[in-house]
Amino acid sequence: MRLNYPAHVRVVRVPCTGKVDLIHILRAFEKGADGVYLVGCMEGSCFYEQGNFRARKRVEHAQRLLEAVGTGGQRVQMYNLSSGEAPLFAQYAREMSERIMALGPNPAKLAMDVRQGKAA
Amino acid sequence: MIVAKGKPLEEIIEAVKDCDSILVAGCNECVTVCEAGGSKEVGILASALRLYFLNQGKKTQVGEITLQRQCDREYLIQARESVESYQMVISMACGVGCQFMAEEFANKPVQPGVNTMFMGGALERGVWSERCQGCGSCLLARTGGICPVARCAKRVLNGPCGGSSNGKCEISKDVDCAWQLIVNRLKALGRMDDYEQIIPLKDWSSDRAGGPRKVVKEEVRQ
Ligand code: SF4
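Note that the structure is a prediction, hence the values are computed from the model and not measured.

Procedures and definitions
Residues numbered from 1 in each chain as written. Chains lettered and ligands numbered in written order. Predicted model: local features only at pLDDT ≥ 70, side-chain atom pairs only at ≥ 80, totals over all residues. Heavy atoms only, no water. Helix = DSSP H or I, 4+ residues; strand = E, 2+ residues; numbered from the N terminus. Rg over C-alpha atoms; globule rule 2.2 N^0.38 Å. Buried < 20%, exposed > 50% of the residue type's maximum accessible area, 1.4 Å probe, protein only. Contact = heavy atoms within 4.5 Å. Areas by Shrake-Rupley, 256 points an atom, 1.4 Å probe, with all protein chains shown as cover. Lys, Arg positive; Asp, Glu negative; His and termini not counted. Charge placed at Lys NZ, Arg CZ, Asp CG, Glu CD. Domains from an automatic or database assignment. Axes fitted to C-alpha atoms, helices over the stretch in contact; angles between N-to-C directions. Parallel < 35°, antiparallel > 145°, perpendicular 65-115°, else oblique. Left-handed = near helix turned anticlockwise from the far one by under 90°. Nonpolar A, V, L, I, M, F, W, Y, C, P; charged D, E, K, R; others polar. Pairing = 2+ DSSP bridges. Buried area = accessible area lost by both parts, 1.4 Å probe. Salt bridge = Lys/Arg side-chain N within 4 Å of Asp/Glu carboxyl O. Near = heavy atom within 4 Å.

Some details on the overall build of chain A
- When its secondary structure is counted, chain A shows four helices and two strands.
- Its helices and strands in sequence order give chain A the pattern α-β-α-β-α-α, from N to C terminus.
- For 120 residues, the compact-globule formula gives about 14 Å, and the C-alpha radius of gyration of chain A, at 15 Å, lands near that figure.
- When the backbone C-alpha atoms are referred to their principal axes, chain A occupies close to 45 × 30 × 20 Å.
- Evaluated residue by residue, chain A yields a buried proportion of 40% over its 120 residues.
- For chain A, the proportion of contacts with a sequence separation of at least 24, taken over those separated by at least 6, is 66%.
- Carbon and sulfur atoms form 53% of the exposed surface of chain A, whose accessible area is close to 7,300 Å².
- Mean positive and mean negative side-chain charge positions of chain A (17 and 11 charges, respectively) differ by 6 Å.

Examining the domain arrangement of chain B
- Structurally, chain B comprises domain 1 (2–118) and domain 2 (133–207).
- Distance from the C-alpha centre of domain 1 of chain B to the C-alpha centre of domain 2 of chain B: 38 Å.

As for the packing of helix α4 (residues 107–115) of chain A against helix α3 (residues 39–55) of chain B
- It is the contact of α4(A) with α3(B), at a shortest axis distance of 8 Å, that shows an interaxial angle of 65°. The orientation of α4(A) relative to α3(B) falls into the category roughly perpendicular. In this structure, α4(A) crosses over α3(B), and the sense of that crossing is left-handed. In this structure, α4(A) contributes A:Pro107, A:Ala108, A:Ala111, A:Met112 and A:Arg115 to the contact, and α3(B) contributes B:Leu51, B:Leu54 and B:Asn55.
- Residues that form the contact of α4(A) with α3(B) fall into these classes: six nonpolar, one polar and one charged.

Description of the sheet that holds strand β7 (residues 127–132) of chain B
Residue and element names in this part refer to chain B.
- Taken together, the three strands give an open sheet; going across it, the order is β1-β6-β7, and neighbouring strands pair in antiparallel fashion. The strands lining the two open edges of the sheet, one partner per strand, are β1 (2–6) and β7. Neighbour-to-neighbour, the strand axes of this sheet turn through a mean angle of 70°, independent of strand direction.
- Pairing between β1 and strand β6 (residues 114–124): five bridges, direction antiparallel. Bridge pairing in β6 places Gly6 opposite Val114.

Overview of the interface of chain B and chain A
- On the side of chain A, 18 residues touch chain B, which itself brings 17 residues to the contact.
- Of the roughly 1,500 Å² buried between chain B and chain A on both sides combined, carbon and sulfur atoms contribute 64%.
- Counting the surface chain B buries against chain A, the share from its top three residues, B:Leu51, B:Leu54 and B:Asn55, is 39%.
- For the pair chain B and chain A, the number of links is three salt bridges.

Examining the site of the ligand
- Residues in contact with the ligand, as listed here, are B:Cys152, B:Ala153, B:Lys154, B:Pro160, B:Cys161, B:Gly163, B:Ser164, B:Cys169, B:Glu170, B:Cys177, B:Ala178 and B:Trp179.
- Here the residues of the shell around the ligand are counted per class, giving eight nonpolar, two polar and two charged.

So, in structure tokens, the structure goes:
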């Protein structure tokens, strides 16, 4: 299909979204990510049965924690699609990208940049 | 095991927000099993705090350590160097570990990271239930292995009370009546004669009513 999606989306492959833990999401923000989203299989069609449900709960937990620390819960999102829905994959990437653009950079990254003298 | 649950992040932030450096200290025993204060939860809290301080433009250092046990001096003294290099400690251990930490490092402010709930076990992943209140004189032999002190809302020793209905306690339809469970179990064991025996007044002096308790075992004491 050769579909395009925003070039700044970095894909991290995992065997199942159920592999993604809360700490992975938080560390991504500590390392400067502006947003994190998980794309899992359709609910009910997880090969491991519960993986994408677990992922959703962890995303919701991450949203609460990120809200409390001032990063903002909207920077994390869970999406579901089937492996045959490439256009939807590209659409989710655009949707998340637009949301993050509107929110601006991760405030923790800006603080780290200032500390390292990299601020614009 | 001792069952605990994490304190709300907002409460922890409020307690540590003015600190320059914080050590988040976990425990490898009960709180690891009940997923409240093991190395995994330490990592999550430390990461969240680092993000908080960065977002606030503060340079607060947040370190992580997980001890084999916090309720044991033997392990606490091994952490001395780490503890001494931070301004404050958040103990993710139960109330016992947190207090031992505070006693060992008398000049170090120690903040609990969890609320210690009870002695119990897991019914399923993510669900823990109370089983023992440490009353100091165990009745389980008489009650079919089900504790009326920990599991009956009124601690009735010759139950059930009049509030038992369809096997549930009057405090909530989600709570089993302990005495219904006891009767069911005694029936299954063919020991209903035991049920007819009145349990005498319990000596509560071995419970908290007698003040803070201590166990001394002379044969192993040094
Ligand atoms: S209903 Fe059962 S568990 Fe509840 S208070 Fe009465 S005896 Fe105890």
